[in-house]
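Structural description and commentary
Single-letter residue listing:
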Amino acid sequence: MNAITSITAIQFFQPAPAVVEGPPIVLRFQGLHPGDLGRLAMHDQRAGGDLQHVDPEQIEANRVEFGETTWIKDLRLEIDTASRQNLDRHVEALLAKSRRKEAAKVREAGLRDPWKRCAGGPLREGILTVNKAWFGGTGLAEWEGDQVEKFRTHAMAFLQKHFPGGQLRFASSHSDEEAFHLHFVVAVWTQRETANRGVQRLLQAAANPLLADYEHAQDMAGRHFERIGLRRGERHAAARRAALAAGEPAEPKRRHVPPSRYRAEEKRKAEAEKARIMAEACVEADRVAESARTLGHAAIRKSRKRAVREAQALKVAAAKDEAGAIRRRDVAAAEAQKAKEAAGAARLRREEDEEKAAAIFARVGAQVEAAAEAINKVQSLKQETAETEAALTLSRREIEAAEQRKRVARRELEKVEARKREASEEAMKARIAQRLSEKAAGDAKAEAEKIRMATLREARRVDALANGLELFGAGVLAWRPATPKRPESIVFGPAVPKEASERQAVVDTVAAASLWLRRLVKVSCCRFRGQRVKLA
């Protein structure tokens, strides 16, 4: 909390108390990328960012409701582990179908993020709150302790019920703002199995019913919190669908505006209004002064004596007008201050409008709700089954999978036998050892994996050599003989691609067999000239 000492003290606006009968529960989600977790932690700890809406004297009242201190590090480690496992399983699935060339390309491409590309990110950040009047007023000093604890208890029960099995990663409560609220982060893992990729572990928010359908999430939140007197928000999405079905103009979708952006916009409007009023006051004062000077010159031209009297009178009138202009300027400044205060009132109105908004999109009904409940039951049964199976010996499915892996390994050994006589002898020893003991079987499998990887590397070199010869034949690569100033080497030919990325792809294609390719091309080029070269 040392980073918050620079926050200046603030005062919350104190609007006239509003009577709120059965206020709506506010539940919002937004996408979150793993790279933004540090920013989220900084905001939660009040270590930086927009803190104009925070009361620094109450920051100590904030607390972590769920999650370890290392939750960000642990989640990033899970993502990295899933990326590596997905890559290994993808390669294994391709090799099992004898698609070695494609497997090599996948391995060379490297790790991929374990989620589908999306604008918001694969994680979800959420907030749970209600109108500040329900807690008793504005800020911690006016809240009723029983109301806050009641909301905290029900909010955590809601999150743990609807985001089970490790989906809920972090939750914290904030008591240093106008209304008590909870922030939380959700990560939903799922598995997908295909013939070409094997079993892939992916982050997919839509695997959770609440995140797949936000209108369903509002229904569930309304049912959960009605026991403490809160209701579901207005059904704007349903109203829009009904209007469209009836051919009537639909209400535009409401968009959530971050408090920091709203405050900045209101401040900009107040400053613009202040500048406008000040400019008009200055123009009016200049006009009055110019009018007074014009009248004074006209009076002097009529008669000196009379001009002196009238000039004195005009001077007095001009002084009065100038004083009036100054007063109007002061009034303008006061109006500018009122405009600034109006901006604060507008912010409060915006918050009240937010409380009326019930997020989000449609697509749910009784069947989806029943399906969601069934999914929750299935997930609970899966968890119970997993805990039971952990205490039991290998099941029939695990034994069949083990036998299938043995058969695949046996076929791989037979293929390696046909290419490598030494591998054939080791594979035979491995099969004999496998029948004798589990330890010998493990040693044979490890040796077979080494041979398989060696064969894969050899195949990669052969493919790279073949691709390099094709590139030489197409004129993409060429041989440059040695000169007194530079050594002999392989260079780009006349048909080389123009794009740097494509030229780099050519280099990557032949990199695995660059030494063999250089020797082969050198011999070919020298023999073409009628010379014979003895290679080292």
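Attention in this report is confined to the structure presented alongside it. Given the structure is predicted, the values throughout are model-derived calculations rather than measurements. (Residues numbered from 1 in each chain as written. Predicted model: local features only at pLDDT ≥ 70, side-chain atom pairs only at ≥ 80, totals over all residues. Heavy atoms only, no water.)

Details of the overall build of the chain
Condition: Here a helix means four or more residues in a row that DSSP labels H or I, a strand means two or more in a row labelled E, and each is numbered from the N terminus. Only protein chains enter the accessibility calculation, which uses a 1.4 Å probe; a residue whose area is less than 20% of its type maximum is buried, one above 50% is exposed, and one in between is partly exposed. We call two residues in contact whenever any of their non-hydrogen atoms come within 4.5 Å of each other. Only the protein chains shown count as cover for residues, and all accessible areas are computed by the Shrake-Rupley method using a 1.4 Å probe.
Secondary structure summary: the chain contains 16 helices and nine strands in total. Per-residue burial over the chain gives 35% buried out of 536 residues. Pairs at least 24 residues apart make up 70% of the contacts formed inside the chain by residues separated by at least 6 positions. Carbon and sulfur atoms provide 53% of the accessible area of the chain, an area that totals close to 33,500 Å².

What to know about the layout of surface pockets
Heads up, the condition is: A pocket here means an open set of points on a 1 Å grid, computed over the protein atoms alone, that has protein on both sides within 12 Å along at least five of seven lines. A cavity is instead a set of points where a 1.4 Å probe fits but cannot get out; residues with an atom within 4 Å of a point line either one. Grid points are joined across faces, edges and corners, and a volume is the space filled by probe spheres set on the points. In this classification, Asp, Glu, Lys and Arg are treated as charged, Ala, Val, Leu, Ile, Met, Phe, Trp, Tyr, Cys and Pro as nonpolar, and every other residue, Gly included, as polar.
Empty space within the second largest pocket amounts to approximately 1,300 Å³. Considering the residues around the second largest pocket, the lining is formed by 35 residues, among which Glu92, Ala93, Ala96, Arg405 and Val408 are closest to the centre. When contributions to the lining of the second largest pocket are tallied by element, the ones reaching two or more residues are α2 (71-96), β6 (189-194), β7 (198-203), α12 (396-419) and α14 (438-473). For the lining of the second largest pocket, the element with the most residues is α12, which contributes 13 residues. By residue class, the composition of the lining of the second largest pocket is 16 nonpolar, five polar and 14 charged.

Considering the pairing of strand β5 (residues 181-186)
Stated formally: Note on pairing: DSSP must find at least two bridges between two strands before they are called paired.
For β5, the tally of buried residues reaches six of six residues, placing the bulk of the element in the interior. Covered by surrounding structure in β5 are His181, His183 and Val185 together with Leu182, Phe184 and Val186, the residues of both alternating faces. Sheet analysis places strand β3 (residues 123-129) next to β5, joined by six bridges and oriented antiparallel. Bridge assignment links Glu125 to a residue of β5, and that residue is Val185.

As for a positive patch on the surface
Put simply, the rule is: A patch consists of residues exposed above 30% relative accessible area that lack any salt bridge, with like charges linked at up to 9 Å and nonpolar side chains (Val, Leu, Ile, Met, Phe, Trp, Tyr) linked at up to 5 Å. Should a side-chain nitrogen of Lys or Arg be within 4 Å of a carboxyl oxygen of Asp or Glu, the pair is scored as a salt bridge. Here Asp and Glu are counted as negative and Lys and Arg as positive; His is not counted, and neither are the chain ends. Charge coordinates come from a single atom per side chain, which is NZ of Lys, CZ of Arg, CG of Asp or CD of Glu.
Side chains of Arg407, Arg410, Arg411, Lys415, Arg419 and Arg435 sit close together on the surface and give a patch of like positive charge. With five residues, the single largest contributor to the positive patch is α12. With respect to the helices and strands, Arg419 occurs in helix α12. Looking at Arg419, the relative accessible area reads 52%, which means it is exposed.

Observations regarding the sheet that holds strand β4 (residues 168-174)
Threshold: Axes here refer to lines fitted to C-alpha atoms; in helices the fit is confined to the stretch in contact. Angles between the N-to-C directions go from 0 to 180 degrees.
Spatial ordering of the open sheet is given by β1-β3-β5-β4-β2, a layout of five strands whose pairing is antiparallel. The sheet is open, and its two borders are formed by β1 (26-32) and β2 (63-66), each paired with just one other strand. The average angle at which neighbouring strand axes cross in this sheet is 20°, direction not considered. As defined by bridge partners, β1 adjoins β3 across seven bridges and the pair is classed as antiparallel. When the sheet's bridge partners are listed, Leu32 is paired in β3 with Leu123. Contacting β1 and β3, helix α7 (residues 214-225) runs over the sheet at an angle of about 140° to β1.

Considering the environment of Glu280
Following the sequence through the fold, Glu280 ends up in helix α9 (residues 259-302). Taking the relative accessible area as the measure of exposure, Glu280 reaches 46% and is therefore partly exposed.

Regarding the environment of Thr69
Position of Thr69 relative to the elements: it lies in the loop between β2 and α2. Here the alpha-carbon distance between Thr69 and Phe170, two residues 101 residues apart in the chain, equals 9.3 Å.

Some words on the pattern of salt bridges
Under the defined criterion, the tally for this structure stands at 15 salt bridges. One salt bridge in this structure joins Arg232 and Asp219, with 2.5 Å as the shortest N-O distance. Separated by 13 residues along the polypeptide, Arg232 in the loop between α7 and α8 (236-245) and Asp219 in helix α7 bring together distant segments of the chain. If you follow the salt bridges from partner to partner, you end up with Arg63, Glu65, Glu149 and Arg152 in one network.

Topic: the packing of aromatic side chains
Condition: Whether two aromatic rings pair depends on their centres lying within 6.5 Å, for rings of Phe, Tyr and Trp, where Trp uses its six-membered ring; planes under 30 degrees apart make the pair stacked, over 60 edge-to-face, and the rest tilted.
Counted by the stated rule, this structure contains 14 aromatic pairs. Ring geometry for Phe29 and Tyr214: centres 5.3 Å apart, planes at 40°, overall tilted. Of this pair, Phe29 sits in strand β1 while Tyr214 sits in helix α7, and the two are 185 residues apart along the sequence. Each member of the pair, Phe29 together with Tyr214, is buried. For the ring pair Phe135 and Phe180, a centre distance of 5.8 Å and an interplane angle of 75° mean the geometry is edge-to-face.

Points about a nonpolar patch on the surface
Together, Met428, Ile432 and Leu436 give the surface a local cluster of nonpolar side chains, amounting to about 320 Å² of exposed area. Given a relative accessible area of 43%, Ile432 falls into the partly exposed group.

A few points about the packing of α2 against helix α3 (residues 100-109)
Using the following cut-off: Throughout, the term roughly parallel applies to angles under 35 degrees, roughly antiparallel to angles over 145, roughly perpendicular to angles from 65 to 115, and oblique to all others.
Where α2 meets α3, the axes come as close as 8 Å, and the angle between the chain directions of the two elements is 170°. As judged from the angle between their axes, α2 and α3 are roughly antiparallel. For the pair formed by α2 and α3, the contact residues are Leu87, Asp88, His90, Val91, Leu94 and Leu95 on the first element and Arg100, Glu102, Ala103, Val106 and Arg107 on the second. Among the residues forming the contact of α2 with α3, the class breakdown is six nonpolar, one polar and four charged.

A word on the side chain of Ser489
Residue placement: Ser489 occurs in strand β9 (residues 489-492). Since its relative accessible area comes to 17%, Ser489 is described here as buried.

A short note on the packing of helix α5 (residues 145-162) against α7
Under the convention used in this document: In a left-handed crossing the near helix is turned counterclockwise from the far helix by less than a right angle, and in a right-handed crossing that turn is clockwise.
For the pair α5 and α7, interaxial distance at closest approach is 11 Å and the crossing angle is 135°. For the element pair α5 / α7, the angle class is oblique. Crossing of α5 over α7 shows right-handed handedness. Contacts between α5 and α7 involve Phe151, His154, Ala155, Ala157, Phe158 and His162 from the former and Met220, Ala221, His224 and Phe225 from the latter. In the contact of α5 with α7, the residues fall into seven nonpolar, three polar and no charged.

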